[in-house]
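# Inside the fold
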Amino acid sequence: MIDEPAILLTGFESFGGERINPSREIVLALDGETIGAHRVVGAILPVAFSPTHVLLEALLEEHRPRLVLALGQAGGRGEISLERVAVNLIDARIADNDGLQPIDEAIVEGAPGAYFSTLPLKAMRARLHDLGIPAALSLSAGSYVCNQVFFVLAHLLATRWPQARGGFVHVPLLPEQAVHHPGQPSMALETMLAGVRAALECALANGSDLRVAGGTTC
Ligand code: PCA
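Presented here is a report on the structure given in the accompanying data block. (Residues numbered from 1 in each chain as written. Predicted model: local features only at pLDDT ≥ 70, side-chain atom pairs only at ≥ 80, totals over all residues. Heavy atoms only, no water.)

Turning next to helix H2 (residues 52-63). Helical geometry: 3.6 residues make up each α-helical turn, so side chains three or four residues apart lie on a common side. The terminal C-alpha atoms of H2 lie 17 Å apart, and with 12 residues this matches the ideal 16 Å at 1.5 Å per residue to within 8%. Here H2 has its buried residues at Thr52, Leu56, Leu59, Leu60 and His63. Down the axis of H2, the buried side of the element spans an arc of 95 degrees, and every buried residue falls inside it. In H2, the exposed positions angled more than 90 degrees off the buried face are occupied by Val54 and Glu62. Downstream of H2 by one or two residues, arginine 64 has phi in the positive range, about 45 degrees. (Helix = DSSP H or I, 4+ residues; strand = E, 2+ residues; numbered from the N terminus. Expected span 1.5 Å × (residues − 1). Buried < 20%, exposed > 50% of the residue type's maximum accessible area, 1.4 Å probe, protein only. Arc of directions from axis to C-beta.)

With that out of the way, let us pick up the packing of aromatic side chains. Counting across every chain of the model gives four aromatic pairs. For the pair phenylalanine 49 and tyrosine 144, a centre-to-centre distance of 5.5 Å together with 85 degrees between the ring planes defines the contact as edge-to-face. Taken together, the positions of phenylalanine 49 in the loop between strand E3 (38-45) and H2 and tyrosine 144 in the loop between strand E8 (135-138) and helix H4 (145-159) put the pair 95 residues apart, joining distant regions of the chain. Each member of the pair phenylalanine 49 and tyrosine 144 is classed as buried. Ring geometry for tyrosine 115 versus phenylalanine 151: centroids 5.1 Å apart, planes at 50 degrees, classification tilted. Linking tyrosine 115 in strand E7 (residues 114-116) with phenylalanine 151 in helix H4, this pair joins segments that are 36 residues apart in sequence. The same class applies to tyrosine 115 as to phenylalanine 151, namely buried. One aromatic cluster in this structure is built from Phe15, Phe49 and Tyr144. (Phe/Tyr/Trp six-rings, centres within 6.5 Å; stacked < 30°, edge-to-face > 60°.)

This next bit is on the site of the ligand. The immediate surroundings of the ligand are formed by Phe12, Phe15, Asn21, Val47, Gly72, Gln73, Tyr144, Val145, Cys146 and His170. Asparagine 21 has a polar side-chain atom sitting 2.9 Å from an oxygen atom of the ligand. Contact between the ligand and glutamine 73: an oxygen atom at 2.8 Å from a main-chain N or O atom of the residue. Elements that contribute at least two residues to the shell around the ligand include exactly strand E4 (67-73) and H4. (Near = heavy atom within 4 Å. Polar contact = N/O pair within 3.5 Å; in protein donor to acceptor, adjacent residues only side chain to side chain.)

Structure representation (C-alpha coordinates):
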(Lines give C-alpha, C1' and ligand atoms only; values in the text may rest on other atoms or scores of the structure.)
Protein backbone atom coordinates (compact mmCIF):
# COMPACT_ATOMS: atom_id res chain seq x y z
CA MET A 1 0.00 0.00 0.00
CA ILE A 2 1.42 3.31 -1.05
CA ASP A 3 0.37 5.22 2.08
CA GLU A 4 2.00 2.85 4.57
CA PRO A 5 4.57 4.78 6.62
CA ALA A 6 8.13 4.01 5.65
CA ILE A 7 11.12 2.39 7.29
CA LEU A 8 14.33 3.51 5.61
CA LEU A 9 16.87 0.67 5.55
CA THR A 10 20.32 1.42 4.20
CA GLY A 11 23.25 -0.82 3.36
CA PHE A 12 26.62 -0.36 1.68
CA GLU A 13 28.41 -1.33 -1.48
CA SER A 14 31.36 -3.66 -1.04
CA PHE A 15 34.72 -2.24 0.06
CA GLY A 16 38.18 -3.19 1.27
CA GLY A 17 38.76 -5.84 -1.41
CA GLU A 18 35.49 -7.73 -0.78
CA ARG A 19 33.17 -8.56 -3.65
CA ILE A 20 30.00 -8.47 -1.58
CA ASN A 21 28.73 -6.64 1.47
CA PRO A 22 26.20 -8.45 3.68
CA SER A 23 24.46 -5.16 4.48
CA ARG A 24 23.71 -4.72 0.77
CA GLU A 25 22.35 -8.25 0.47
CA ILE A 26 20.05 -7.67 3.47
CA VAL A 27 18.71 -4.40 2.07
CA LEU A 28 18.08 -5.90 -1.39
CA ALA A 29 16.23 -8.83 0.23
CA LEU A 30 14.02 -6.69 2.51
CA ASP A 31 13.34 -3.77 0.15
CA GLY A 32 9.58 -3.54 -0.46
CA GLU A 33 8.60 -5.88 2.41
CA THR A 34 5.99 -4.81 4.91
CA ILE A 35 7.16 -5.05 8.51
CA GLY A 36 4.88 -4.02 11.36
CA ALA A 37 2.53 -2.21 8.90
CA HIS A 38 5.48 -0.19 7.59
CA ARG A 39 6.91 -0.39 4.09
CA VAL A 40 10.65 -1.04 3.94
CA VAL A 41 12.42 1.32 1.55
CA GLY A 42 15.94 0.15 0.80
CA ALA A 43 18.88 2.25 -0.31
CA ILE A 44 22.48 1.25 -1.03
CA LEU A 45 25.07 3.83 -0.04
CA PRO A 46 28.58 4.19 -1.49
CA VAL A 47 31.50 3.49 0.83
CA ALA A 48 32.62 7.09 0.44
CA PHE A 49 32.89 9.98 2.86
CA SER A 50 31.91 12.88 0.60
CA PRO A 51 28.32 12.09 -0.46
CA THR A 52 26.94 10.88 2.90
CA HIS A 53 25.25 14.07 4.06
CA VAL A 54 23.55 14.88 0.76
CA LEU A 55 22.40 11.30 0.17
CA LEU A 56 20.92 10.83 3.64
CA GLU A 57 19.19 14.20 3.53
CA ALA A 58 17.64 13.35 0.14
CA LEU A 59 16.46 9.93 1.39
CA LEU A 60 14.84 11.44 4.48
CA GLU A 61 13.21 14.16 2.40
CA GLU A 62 11.87 11.69 -0.17
CA HIS A 63 10.57 8.94 2.10
CA ARG A 64 9.88 10.75 5.40
CA PRO A 65 10.46 7.52 7.34
CA ARG A 66 9.30 6.90 10.93
CA LEU A 67 12.26 4.64 11.51
CA VAL A 68 15.72 4.52 9.96
CA LEU A 69 18.11 1.62 10.30
CA ALA A 70 21.52 1.86 8.68
CA LEU A 71 23.43 -1.39 8.25
CA GLY A 72 27.10 -2.07 7.62
CA GLN A 73 29.60 -4.92 7.56
CA ALA A 74 31.93 -5.43 10.51
CA GLY A 75 34.49 -8.11 9.65
CA GLY A 76 35.77 -9.84 12.77
CA ARG A 77 32.54 -9.51 14.74
CA GLY A 78 30.52 -12.66 15.25
CA GLU A 79 27.28 -11.11 16.50
CA ILE A 80 24.79 -8.61 15.16
CA SER A 81 26.20 -5.43 16.74
CA LEU A 82 23.66 -2.93 17.99
CA GLU A 83 25.60 0.33 17.93
CA ARG A 84 25.00 2.70 20.84
CA VAL A 85 27.22 5.70 19.99
CA ALA A 86 28.16 7.66 16.87
CA VAL A 87 31.22 9.89 17.29
CA ASN A 88 31.97 13.11 15.42
CA LEU A 89 35.28 11.80 14.14
CA ILE A 90 36.71 10.36 10.96
CA ASP A 91 40.01 8.50 11.24
CA ALA A 92 40.11 6.23 8.20
CA ARG A 93 42.33 3.12 8.47
CA ILE A 94 41.93 2.51 4.72
CA ALA A 95 40.94 4.76 1.83
CA ASP A 96 37.25 4.87 0.92
CA ASN A 97 36.03 3.71 -2.52
CA ASP A 98 36.80 7.20 -3.90
CA GLY A 99 40.40 6.93 -2.70
CA LEU A 100 40.00 9.42 0.16
CA GLN A 101 41.52 8.70 3.58
CA PRO A 102 40.73 11.55 5.97
CA ILE A 103 42.54 11.42 9.31
CA ASP A 104 41.31 12.99 12.53
CA GLU A 105 38.63 15.20 11.03
CA ALA A 106 35.24 16.20 12.42
CA ILE A 107 32.27 14.82 10.49
CA VAL A 108 30.16 17.92 11.15
CA GLU A 109 32.07 20.98 12.41
CA GLY A 110 30.38 22.49 15.45
CA ALA A 111 28.08 19.49 16.04
CA PRO A 112 28.16 17.55 19.34
CA GLY A 113 31.03 15.15 19.92
CA ALA A 114 28.67 12.18 19.87
CA TYR A 115 25.07 11.07 19.52
CA PHE A 116 23.33 8.04 20.99
CA SER A 117 21.16 5.71 18.96
CA THR A 118 17.47 6.46 19.50
CA LEU A 119 16.50 2.79 18.98
CA PRO A 120 15.53 0.48 21.90
CA LEU A 121 18.74 -1.52 21.61
CA LYS A 122 18.37 -3.62 24.76
CA ALA A 123 14.85 -4.67 23.79
CA MET A 124 16.16 -5.51 20.32
CA ARG A 125 18.98 -7.59 21.79
CA ALA A 126 16.51 -9.48 24.00
CA ARG A 127 14.25 -10.19 21.01
CA LEU A 128 17.13 -11.48 18.93
CA HIS A 129 18.38 -13.68 21.77
CA ASP A 130 14.86 -15.11 22.18
CA LEU A 131 15.08 -16.12 18.52
CA GLY A 132 18.51 -17.70 19.05
CA ILE A 133 20.30 -15.03 17.04
CA PRO A 134 23.66 -13.79 18.38
CA ALA A 135 23.40 -10.05 19.10
CA ALA A 136 25.38 -7.67 21.29
CA LEU A 137 25.46 -4.01 22.25
CA SER A 138 28.48 -2.17 20.86
CA LEU A 139 30.04 1.06 22.06
CA SER A 140 31.87 1.84 18.85
CA ALA A 141 30.86 1.84 15.21
CA GLY A 142 34.49 2.63 14.38
CA SER A 143 35.76 5.83 12.77
CA TYR A 144 35.20 4.98 9.11
CA VAL A 145 32.23 5.40 6.73
CA CYS A 146 29.73 3.44 8.87
CA ASN A 147 30.32 5.69 11.85
CA GLN A 148 30.00 8.69 9.55
CA VAL A 149 26.63 7.51 8.22
CA PHE A 150 25.47 6.81 11.78
CA PHE A 151 26.63 10.25 12.96
CA VAL A 152 25.15 12.20 10.03
CA LEU A 153 21.88 10.28 10.39
CA ALA A 154 21.74 10.99 14.13
CA HIS A 155 22.57 14.65 13.52
CA LEU A 156 19.86 15.02 10.86
CA LEU A 157 17.28 13.27 13.06
CA ALA A 158 18.19 15.43 16.07
CA THR A 159 18.19 18.71 14.21
CA ARG A 160 15.68 18.29 11.36
CA TRP A 161 13.57 15.13 11.79
CA PRO A 162 12.76 14.78 15.50
CA GLN A 163 9.67 12.65 14.77
CA ALA A 164 11.83 9.83 13.36
CA ARG A 165 14.03 7.41 15.30
CA GLY A 166 17.11 5.75 13.97
CA GLY A 167 20.37 3.98 14.53
CA PHE A 168 23.06 1.72 13.16
CA VAL A 169 23.65 -2.03 13.20
CA HIS A 170 26.80 -3.83 12.10
CA VAL A 171 26.57 -7.38 10.79
CA PRO A 172 29.28 -10.08 10.52
CA LEU A 173 30.78 -11.36 7.29
CA LEU A 174 28.78 -13.84 5.23
CA PRO A 175 30.16 -17.41 5.20
CA GLU A 176 31.21 -17.03 1.55
CA GLN A 177 33.37 -14.05 2.59
CA ALA A 178 34.74 -15.75 5.70
CA VAL A 179 36.17 -18.68 3.70
CA HIS A 180 38.79 -16.20 2.45
CA HIS A 181 39.59 -15.05 6.01
CA PRO A 182 40.47 -18.14 8.05
CA GLY A 183 39.42 -17.86 11.67
CA GLN A 184 36.96 -15.00 11.11
CA PRO A 185 33.41 -15.42 12.37
CA SER A 186 30.47 -15.31 9.97
CA MET A 187 26.67 -15.49 9.93
CA ALA A 188 24.29 -16.91 7.33
CA LEU A 189 22.21 -14.43 5.35
CA GLU A 190 18.97 -16.12 6.50
CA THR A 191 19.95 -15.52 10.12
CA MET A 192 20.81 -11.89 9.42
CA LEU A 193 17.47 -11.39 7.63
CA ALA A 194 15.55 -12.88 10.56
CA GLY A 195 17.55 -10.69 12.93
CA VAL A 196 16.98 -7.45 11.04
CA ARG A 197 13.26 -8.19 10.60
CA ALA A 198 12.93 -8.88 14.32
CA ALA A 199 14.98 -5.80 15.24
CA LEU A 200 12.74 -3.57 13.11
CA GLU A 201 9.53 -5.08 14.52
CA CYS A 202 10.90 -4.59 18.01
CA ALA A 203 11.89 -0.97 17.37
CA LEU A 204 8.41 -0.19 16.02
CA ALA A 205 6.75 -1.84 19.03
CA ASN A 206 8.98 -0.28 21.71
CA GLY A 207 9.15 3.49 22.03
CA SER A 208 11.35 3.19 25.10
CA ASP A 209 14.05 0.70 25.99
CA LEU A 210 14.29 -2.06 28.59
CA ARG A 211 15.95 -1.09 31.85
CA VAL A 212 18.42 -3.95 32.14
CA ALA A 213 22.19 -3.87 32.53
CA GLY A 214 24.10 -3.81 29.27
CA GLY A 215 27.32 -2.02 30.14
CA THR A 216 30.87 -3.22 30.31
CA THR A 217 33.71 -2.85 32.79
CA CYS A 218 37.29 -2.20 31.80
N1 PCA B 1 31.46 -1.24 6.80
C2 PCA B 1 32.40 -0.14 6.89
C3 PCA B 1 31.96 0.84 5.85
C4 PCA B 1 31.00 0.11 4.97
C5 PCA B 1 30.69 -1.12 5.68
O6 PCA B 1 29.84 -1.96 5.34
C7 PCA B 1 32.50 0.45 8.30
O8 PCA B 1 32.28 -0.27 9.28
O9 PCA B 1 32.81 1.64 8.43
